[in-house]
Amino acid sequence: PFTTDFSKEMKKLKIEQASWPLTIENCFSQDIHTEAIEAGVLEFDKLPHDELISCDKSKKIAIPLASSAEHTYLRAPSAVKKLCFAQWLSDLPEERNDMFLPFKDIVVKLKELIEAD
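Bear in mind the structure is a predicted one, so any value in this text is a computation, not a measurement.

A. Representation of helix α6 (residues 104–116) within the structure. Helix length check: α6 (13 residues) gives 18 Å between terminal C-alpha atoms against 18 Å at 1.5 Å per residue, within 8%. Burial within α6 is sparse, with just 0 of its 13 residues counted as buried.

B. Focus on the environment of F44. Of note, F44 is situated in strand β1 (residues 44–48). Sequence separation between F44 and K109 is 65 residues, and the spatial gap between their C-alpha atoms is 30 Å. Excluding its chain neighbours within four sequence positions, the residues that come into contact with F44 are H33, I37, T72, R75, A76, P77 and S78.

C. Representation of the packing of aromatic side chains within the structure. Inspection of every chain in the model, using the stated rule, returns 7 aromatic pairs. With centroids separated by 5.2 Å and ring planes inclined at 5°, the aromatic side chains of F2 and F6 adopt a geometry described as stacked. The buried category is assigned to F6, whose relative accessible area is 0%. Judged by centre distance (5.8 Å) and plane angle (85°), the ring pair of F28 and F85 falls under edge-to-face. In this pair, F28 sits in the loop between α1 (4–12) and α2 (30–38) while F85 sits in helix α5 (residues 82–91), placing the two residues 57 residues apart along the sequence. Site record: aromatic cluster; members linked through ring pairs are F2, F6, W20 and Y73.

D. Up close: unusual backbone geometry. The backbone phi angle of K14 is positive, close to 60°, even though this residue is not glycine. In this structure, K14 sits in the loop between α1 and α2. The exposed category is assigned to K14, whose relative accessible area is 61%.

E. Structural context of helix α4 (residues 56–65). Burial in α4 covers these residues: S58, I61 and A62. The buried residues of α4 occupy an angular sector of 90° when projected down its axis, which confines them to one face. Away from its buried face, by an angle of more than 90 degrees, α4 presents the exposed residues D56, K60 and P64. Looking at the buried residues of α4, the elements they touch are β1 and α3 (50–53).

F. Inspection of the side chain of S78 at higher detail. Tracing the chain through its elements places S78 in the loop between β2 (75–77) and α5. Residue classification places S78 among the buried residues on the basis of a relative accessible area of 10%. If sequence neighbours within four positions are ignored, S78 has contacts with E43, F44 and D45.

G. Representation of the nonpolar core in the model. F28, I32, A36, F85, W88, L89 and M99 are the most contacted members of the largest nonpolar core, which has 13 residues in total. Sort the elements by how many residues they give to this core and α5 lands first, with 3 residues. Once residues lying within four places of it in the same chain are set aside, the contact partners of I32 are F85, W88, L89, R96 and M99.

Criteria and cut-off values
Residues numbered from 1 in each chain as written. Predicted model: local features only at pLDDT ≥ 70, side-chain atom pairs only at ≥ 80, totals over all residues. Heavy atoms only, no water. Helix = DSSP H or I, 4+ residues; strand = E, 2+ residues; numbered from the N terminus. Expected span 1.5 Å × (residues − 1). Buried < 20%, exposed > 50% of the residue type's maximum accessible area, 1.4 Å probe, protein only. Contact = heavy atoms within 4.5 Å. Phe/Tyr/Trp six-rings, centres within 6.5 Å; stacked < 30°, edge-to-face > 60°. Arc of directions from axis to C-beta. Core = buried A, V, L, I, M, F, W, Y, C linked by side-chain atoms within 4.5 Å.

Written out as structure tokens, the structure is:
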């Protein structure tokens, strides 16, 4: 599920949708990324996602911007911190559950598919 923040950023950078990197981390806002980085539970690689590098047009956009702190959507999340990030998200106060809304449509569709069997 592409969030509004993610979609706006990709469109602003003129990255074709076929190259948009879909990761769990990219389902959250860059503000959440910043907060998680500061908490030491999320890290990003220095290089862009493979999807961005495999396309010449997006590669030219992503490589110069990837090292920038405000372009976390362009960088691949470090595998070392994935579980730390997930645990940190699950430990956040219930009042912040709105950050999981991008997953609602997926969960609803899965429920419909399960009940259809």
